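Listed here are the chains, written in short residue letters.
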Amino acid sequence: MIKLALPTTEDEIRKLKVGDEVLLSGVIVTARDTAHKYMVEKRPDDIRDMLNGTVIYHCGPVMKQDDDGSWEVVAAGPTTSIREEIYQADVMEEYKVRGVIGKGGMGPKTLAGLKKTGAVYFHAIGGASQVLAQAVVRVPGVLKLEEFGVPEAFWSFEVKDFPVVVTMDSHGESLHDVIGAASEEKMKEILGSM
Amino acid sequence: MENLIGLDEEKLKSSFIELVRRTSSVLPDDVVAKIKEYQAKEKVGTRAASALDTIMENIKLAEDGSRPICQDTGTVIFDIYHPLGLRQSALETIIRSAVADATANHYLRPNVVDPLTGMSKFDNNGVGHPAIYLKQWDEDYLKVALVLKGGGCENVGTQYSLPNTGLKAGRDLDGIKKVCLDAVVKAQGRGCAPGVLGIGIGGDRAQGYTLSKKQLHRKLDDKNENPDLAELEEWLVEKANTLGIGPMGFGGGTTLLAVKAALMDRIPASYYVSVTYMCWAYRRRFMTVKNGNVEFD
């Protein structure tokens, strides 16, 4: 198990390889569909510091506001990443993001982007909203809450030992491509024998 | 309503809230047993085993804390069977109000969005949401099935029209097997594998999907009474688990937990095979109300 502190550097990220199990600590930022569209179309500046050197989490959490105004994470697993395929590489380059956490993997445009920018794709366990919520120790802030709603807002999560697996690295390797191709071969074999 | 099923509206509403809480936070026993069965088969130290361990840990945490198993509390789907004389519009009002309260209690995420404006409906009461299907039956009690269907798995659901040239799938049992296996390969880990397939054979497009979704009401260890469909179910589970997709698509031998299939008649020109994919976070619960007694399953 590799421990990685955020924000991080290109050098650290380039050391990671497909299959590595990693525990992330530091501040990560949630962004999903509306946020990605917004980042690419509007190129807002107020999120630059927040994103520089850190990791975007594809997640629409369930949140609870306590009486003192602070936020508590009720549930926070990853959402399907492929919907951000058209935006992801551009977002990473523009905002100097060193990785994304999500589920299901992403496509060739993002894979090329990871290689170019020096970033990785971390896969979290889909549906494991409680295990992952437990890794969030604090919620330092939120942006665009009113406009985008709870699931789509930019939430800052301070995490400790947030468990992920590298399934796409900065050297052009993708576990999803490997498993996708092998399973397709296996299916052809089964169908061919029918 | 009180005379018919023995509960006043306030009590019935709180029963619906409790049904939502249980569905969102406590995975059914048959699903947990099935995940455990496969967990025991994956080799220790693999990514697949580690993923299933995390899944089991998550199931326990959610149950202990009455918190959502998955943050995507999904489309909230009620299938309701009610005795004659119970006013459907009143039932619908109670359910919508219960769903709003369950959302305020954080059993559900505010999950309903206008497709054009993108505006969120914060109480999960939107156009067509929650999805409520009402059917009057001849029993003297109320039966409710609730499924919370997450979007990741809903997005990998699909529908085939047979014959399918690319897969060499004809209009027969072999053809059905081929397209269903193709659906599993196309889904990879994206539906939050290991999953369960609901398959609807026949009908028109809408009927086929509805039938495939209704299969999610079946217990995972039941056996199909139709021997052809029983064979289809067993064959698909066995073959899918040789594809090497595994939990989350990380690789491994646990890709599908179960398959449940049903058929309805078709018209000569159409032959649809509709596939619903349900993630491992298989949130499905039942509630019956009879003579004022509420039972959950």
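Everything here concerns the structure above.
Heads up: these notes are all about the structure in this document.

**Regarding the interface of chain B and chain A**
Interface size, as often reported, equals the accessible area lost upon joining of the parts. At the interface, 41 residues of chain B touch 44 residues of chain A. Across the chain B/chain A interface, buried area totals approximately 3700 Å², and carbon plus sulfur atoms make up 66% of it. Viewed at the interface, chain A and chain B are joined by one salt bridge. Here Glu72 of chain A ties to Arg67 of chain B by a salt bridge, and the two come within 2.6 Å at their closest N and O atoms. For the side of chain B that touches chain A, the secondary-structure elements that each account for two or more residues are helix 4 (47–65), helix 6 (151–155), helix 7 (173–187) and helix 9 (227–240) of chain B. Of the residues forming the side of chain B that touches chain A, the biggest block, nine residues, is contributed by helix 4 of chain B. Counted by class, the side of chain B that touches chain A contains 19 nonpolar, 12 polar and 10 charged residues.

**Focus on the packing of helix 4 (residues 85–95) of chain A against helix 5 (residues 108–117) of chain A**
Residue and element names in this part refer to chain A. Viewed as axis vectors pointing N to C, helix 4 and helix 5 meet at an angle of 10°, and their least axial separation amounts to 8 Å. Between helix 4 and helix 5, the angle is such that the two are roughly parallel. Here Glu85, Ile86, Gln88, Ala89, Asp90, Met92 and Glu93 of helix 4 lie close against helix 5, whose contacting residues are Pro108, Lys109, Thr110, Gly113, Leu114, Lys116 and Thr117.

**Considerations on the layout of surface pockets**
Computed from the structure, the second largest pocket encloses a volume of approximately 330 Å³. Along the wall of the second largest pocket there are 20 residues; nearest its centre are Leu23, Val131, Pro163 and Val164 of chain A together with Thr54 of chain B. Elements represented by at least two residues in the lining of the second largest pocket include exactly strand 2 (21–30), helix 6 (129–134) and strand 9 (154–168) of chain A together with helix 4 of chain B. Per element, the largest residue contribution to the lining of the second largest pocket is five residues, and it comes from helix 4 of chain B. Class assignment for the residues of the lining of the second largest pocket results in 12 nonpolar, four polar and four charged.

**Considering the packing of aromatic side chains**
Describing an aromatic ring pair means giving the distance of the ring centres and the angle of the ring planes. A full pass over the atoms with the stated rule returns eight aromatic pairs over all chains. Ring geometry for Phe148 of chain A versus Phe154 of chain A: centroids 6.4 Å apart, planes at 45°, classification tilted. Phe154 of chain A carries the same exposure label as Phe148 of chain A, and that label is buried. Between the aromatic rings of Trp137 of chain B and Tyr141 of chain B, the centroid separation amounts to 5.1 Å while the plane-to-plane angle is 70°, which identifies the pairing as edge-to-face.

**A few points about the nonpolar core**
Within soluble globular proteins, side chains that are nonpolar generally end up buried alongside one another. Counting residues in hydrophobic clusters, the biggest one holds 100 residues, and the most contacted among them are Ile101, Phe122, Phe157 and Phe162 of chain A together with Ile35, Val273 and Trp280 of chain B. A total of eight residues in this core trace back to one element, the largest contributor, which is helix 7 of chain B. Split by domain, this core shows at least three residues from each of two domains, domain 1 (2–25 + 69–150 + 283–296) and domain 2 (152–278) of chain B. Not counting the four nearest positions on each side in its chain, Ile35 of chain B is found in contact with Leu27, Leu52, Ile55, Met56, Ile59, Leu257 and Trp280 of chain B.

**Considering the sheet that holds strand 7 (residues 195–201) of chain B**
Residue and element names in this part refer to chain B. With respect to topology, four strands assemble into an open sheet ordered 6-9-7-8, the strand pairing being mixed. This sheet does not close on itself; its edge strands, each paired only once, are strand 6 (158–161) and strand 8 (256–263). Averaged over neighbouring strand pairs, the angle between their axes works out to 15° when direction is ignored. For strand 7 and strand 9 (residues 272–278), the ladder comprises six bridges, and the chain directions are antiparallel. Its bridge partner lying in strand 9, Val196 is registered against Met278. Set on the sheet, helix 8 (residues 205–214) makes contact with strand 6, strand 7, strand 8 and strand 9; between it and strand 9 the angle comes to about 40°. Set on the sheet, helix 9 makes contact with strand 7 and strand 8; between it and strand 8 the angle comes to about 155°.

**Some points on the pairing of strand 2 of chain A**
Residues and elements named next belong to chain A. Most of strand 2 is tucked away, with seven of its 10 residues classed as buried. Relative to strand 3 (residues 55–57), strand 2 runs parallel, the two being bridged by two bridges. Bridge assignment links Val29 to a residue of strand 3, and that residue is Ile56.

**Focus: the pattern of salt bridges**
Oppositely charged side chains may form a pair once their charged atoms are brought near each other. All chains considered together, the criterion is met by 37 salt bridges over all chains. Arg32 of chain A is the partner of Asp33 of chain A in a salt bridge, and the nearest nitrogen-oxygen pair spans 3.3 Å.

Scoring rules and cut-offs
- Residues numbered from 1 in each chain as written.
- Chains lettered and ligands numbered in written order.
- Predicted model: local features only at pLDDT ≥ 70, side-chain atom pairs only at ≥ 80, totals over all residues.
- Heavy atoms only, no water.
- Contact = heavy atoms within 4.5 Å.
- Buried area = accessible area lost by both parts, 1.4 Å probe.
- Salt bridge = Lys/Arg side-chain N within 4 Å of Asp/Glu carboxyl O.
- Helix = DSSP H or I, 4+ residues; strand = E, 2+ residues; numbered from the N terminus.
- Nonpolar A, V, L, I, M, F, W, Y, C, P; charged D, E, K, R; others polar.
- Axes fitted to C-alpha atoms, helices over the stretch in contact; angles between N-to-C directions.
- Parallel < 35°, antiparallel > 145°, perpendicular 65-115°, else oblique.
- 1 Å grid on protein atoms, 1.4 Å probe; cavity = no way out; pocket = protein on both sides within 12 Å on 5 of 7 lines; lining within 4 Å.
- Points joined across faces, edges and corners; volume = space filled by probe spheres on them.
- Phe/Tyr/Trp six-rings, centres within 6.5 Å; stacked < 30°, edge-to-face > 60°.
- Buried < 20%, exposed > 50% of the residue type's maximum accessible area, 1.4 Å probe, protein only.
- Core = buried A, V, L, I, M, F, W, Y, C linked by side-chain atoms within 4.5 Å.
- Domains from an automatic or database assignment.
- Pairing = 2+ DSSP bridges.

Fair warning: the whole summary comes from geometry, so function is off the table for now.
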